[in-house]
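Listed below, chain by chain, are the residues.
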Amino acid sequence: MKRLILLCIFSAFFGYGAFAQPMEEPVASDRALSAAEFLASLEPQSGHIQLPGGIASLNLSSKFRYLSPESTERLLVEAWGNPPGNKTLGMIIPTSVSPLTAAGWGVVISYADDGHVSDADADSIDYDAMLSELIKHSESENEARIEQGYGSALLVGWAEAPRYDKATHKFYWAKEFATDNRVDNSLNYNIRVLGREGVLVLNAVATMSQLPVIKAEIPELLAMTEFTAGNRYADFNANTDRVAEYGLAALVAGGVAAKMGMFAKLGALLIAFKKIILFAVVGIVGMLSRRFGRKKP
């Protein structure tokens, strides 16, 4: 997964960095050894994983490995070029490719404890209208990106339109971004798992050429991620539990990420994320609900 930039307002998301074109020549043998040693030091885990805090768990097949928050921080900062201080529950990486290569990718996990998110608006969201607004927002936000020295990243459209599974309370969608640093557009694939008092957030960032690979893995990623007993959506108690001040529309409208390229040296920034708005503030949530909710006949 090359040099990336993922933007968020929530502390649950990740860092900054410059960008460069991907390597075309093989990595030298001494550098490859350094990469192998670095990846081994991350101590990837397999099988059943209890996420920090015990609020959710992963049941990983042999196709995936889990990195602890500490190892995730090392990968994000030391290898991918993010600033320190990323708040995550860890990261999922595929076993088939190294995260330090152009074909690498990963899914960063975090948790937004804003309260129980109602899915009452699931059937009334106008995603076409939302996309138009998101593109406009992307254009204005892009000016700030350029001023900060991070290059252009403009939203093109849905790479996969939002889908919500009412039975499992899992929500996913993907966005395509055009950047000025790569021929291949960027892909941001989002998964949200609704829980009793918050949302489990999984963000996979890759290039559009990797969309078939990511789409093929989404069903398994969805199936292997679950809240633990007592924290599931069905465990919500309206008399005692907090309710979030936004619905499903705000989850989609807030997420943006862009894959930007990669550095040619292991010691430099191979992959990077840059922060973007991931959740609307309370004042914007009301606007989203009014703007994107379809009126009933």
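Quick caveat, the model's predicted, so the values are computed rather than measured.

Draft legend 1. The overall build of the protein chain, seen in detail. Along the protein chain, the regular secondary structure elements total 6 helices and 12 strands. The contacts of the protein chain with a sequence gap of at least 6 include a subset with a gap of at least 24, amounting to 69%. Summed over all atoms, the accessible surface of the protein chain reaches about 12600 Å², with 54% contributed by carbon and sulfur.

Draft legend 2. Layout of unusual backbone geometry. Backbone geometry at Glu43 places phi at a positive 50°, although glycine is not the residue there. Within the secondary structure, Glu43 sits in the loop between α1 (29–41) and β2 (48–50).

Draft legend 3. Structural detail: the sheet that holds β2. Overall, antiparallel pairing links the 3 strands, which are arranged β2-β3-β11 in an open sheet. Each edge of the sheet is formed by a strand with only one pairing partner; in this case those strands are β2 and β11 (225–227). Recorded for the sheet is a direction-independent mean angle of 20° between the axes of neighbouring strands. The pairing of strand β3 (residues 56–59) with β11 spans 3 bridges and is antiparallel. When the sheet's bridge partners are listed, Leu58 is paired in β11 with Thr225.

Draft legend 4. Region of the structure containing the nonpolar core. Counting residues in each nonpolar core, the largest one holds 32 residues, and the members touching the most others are Leu51, Ile92, Ile109 and Leu200. Of all the elements in the fold, those that place two or more residues in this core are β3, β4 (64–67), β6 (106–112), β8 (170–179), β9 (186–194), β10 (199–207) and α4 (211–223). Listed in part, the 25 residues of the second largest apolar core include Val117, Ala122, Leu155 and Val201.

Draft legend 5. Here's a closer look at the confidence of the model for the protein chain. Put simply, the protein chain has an average pLDDT of 75, and 72% of its residues get 70 or more. Looking across the protein chain, the model is least confident in strand β12 (residues 257–259), with a mean pLDDT of 25, and most confident in β4, with 97. In the predicted structure, residues 1–32 sits below a pLDDT of 50 and forms 151 contacts with residues beyond four places in sequence or in another chain. Every residue in residues 255–292 is under pLDDT 50, and counting partners more than four places away or in other chains gives 189 contacts.

Draft legend 6. View of the sheet that holds β9. A sheet is described by the order of its strands in space; here 7 strands give the open sequence β4-β5-β6-β10-β9-β8-β7, paired in antiparallel fashion. Each edge of the sheet is formed by a strand with only one pairing partner; in this case those strands are β4 and β7 (153–165). Adjacent strand axes in the sheet meet at a mean angle of 20°, parallel and antiparallel pairs treated alike. Note: β6 against β10, 7 bridges, orientation antiparallel. Residue Tyr111 lies in a different strand from β10, and its bridge partner there is Leu200. Against the sheet, α4 makes contact with β4, β5 (90–94), β6, β7, β8, β9 and β10, and its axis sits at roughly 10° relative to β9, the strand it touches most.

Draft legend 7. Molecular detail of the environment of Asn190. Mapped onto the elements, Asn190 comes out in strand β9. Considering only alpha carbons, one finds Asn190 and Val107, 83 residues apart in sequence, at a separation of 9.2 Å. Polar contacts involving the side chain of Asn190 include one to the side chain of Arg192, which spans 3.4 Å.

Draft legend 8. Up close: the environment of Trp80. Here Trp80 lies in the loop between α2 (69–79) and β5. Given a relative accessible area of 0%, Trp80 falls into the buried group. Measuring from C-alpha to C-alpha, the distance between Trp80 and Leu100 comes to 8.2 Å, with 20 residues separating the pair along the chain.

Draft legend 9. Quick peek at the side chain of Asp241. Following the sequence through the fold, Asp241 ends up in the loop between β11 and α5 (248–254). Taking the relative accessible area as the measure of exposure, Asp241 reaches 11% and is therefore buried. Within the structure, Asp241 has its side chain in polar contact with the side chain of Arg196 (distance 2.6 Å). If we ignore the near neighbours within four places in the chain, the residues touching Asp241 are Arg196, Glu197, Asp235 and Phe236.

What counts, and where the lines are drawn
- Residues numbered from 1 in each chain as written.
- Predicted model: local features only at pLDDT ≥ 70, side-chain atom pairs only at ≥ 80, totals over all residues.
- Heavy atoms only, no water.
- Helix = DSSP H or I, 4+ residues; strand = E, 2+ residues; numbered from the N terminus.
- Contact = heavy atoms within 4.5 Å.
- Areas by Shrake-Rupley, 256 points an atom, 1.4 Å probe, with all protein chains shown as cover.
- Pairing = 2+ DSSP bridges.
- Axes fitted to C-alpha atoms, helices over the stretch in contact; angles between N-to-C directions.
- Core = buried A, V, L, I, M, F, W, Y, C linked by side-chain atoms within 4.5 Å.
- Buried < 20%, exposed > 50% of the residue type's maximum accessible area, 1.4 Å probe, protein only.
- pLDDT = per-residue confidence, 0-100.
- Polar contact = N/O pair within 3.5 Å; in protein donor to acceptor, adjacent residues only side chain to side chain.

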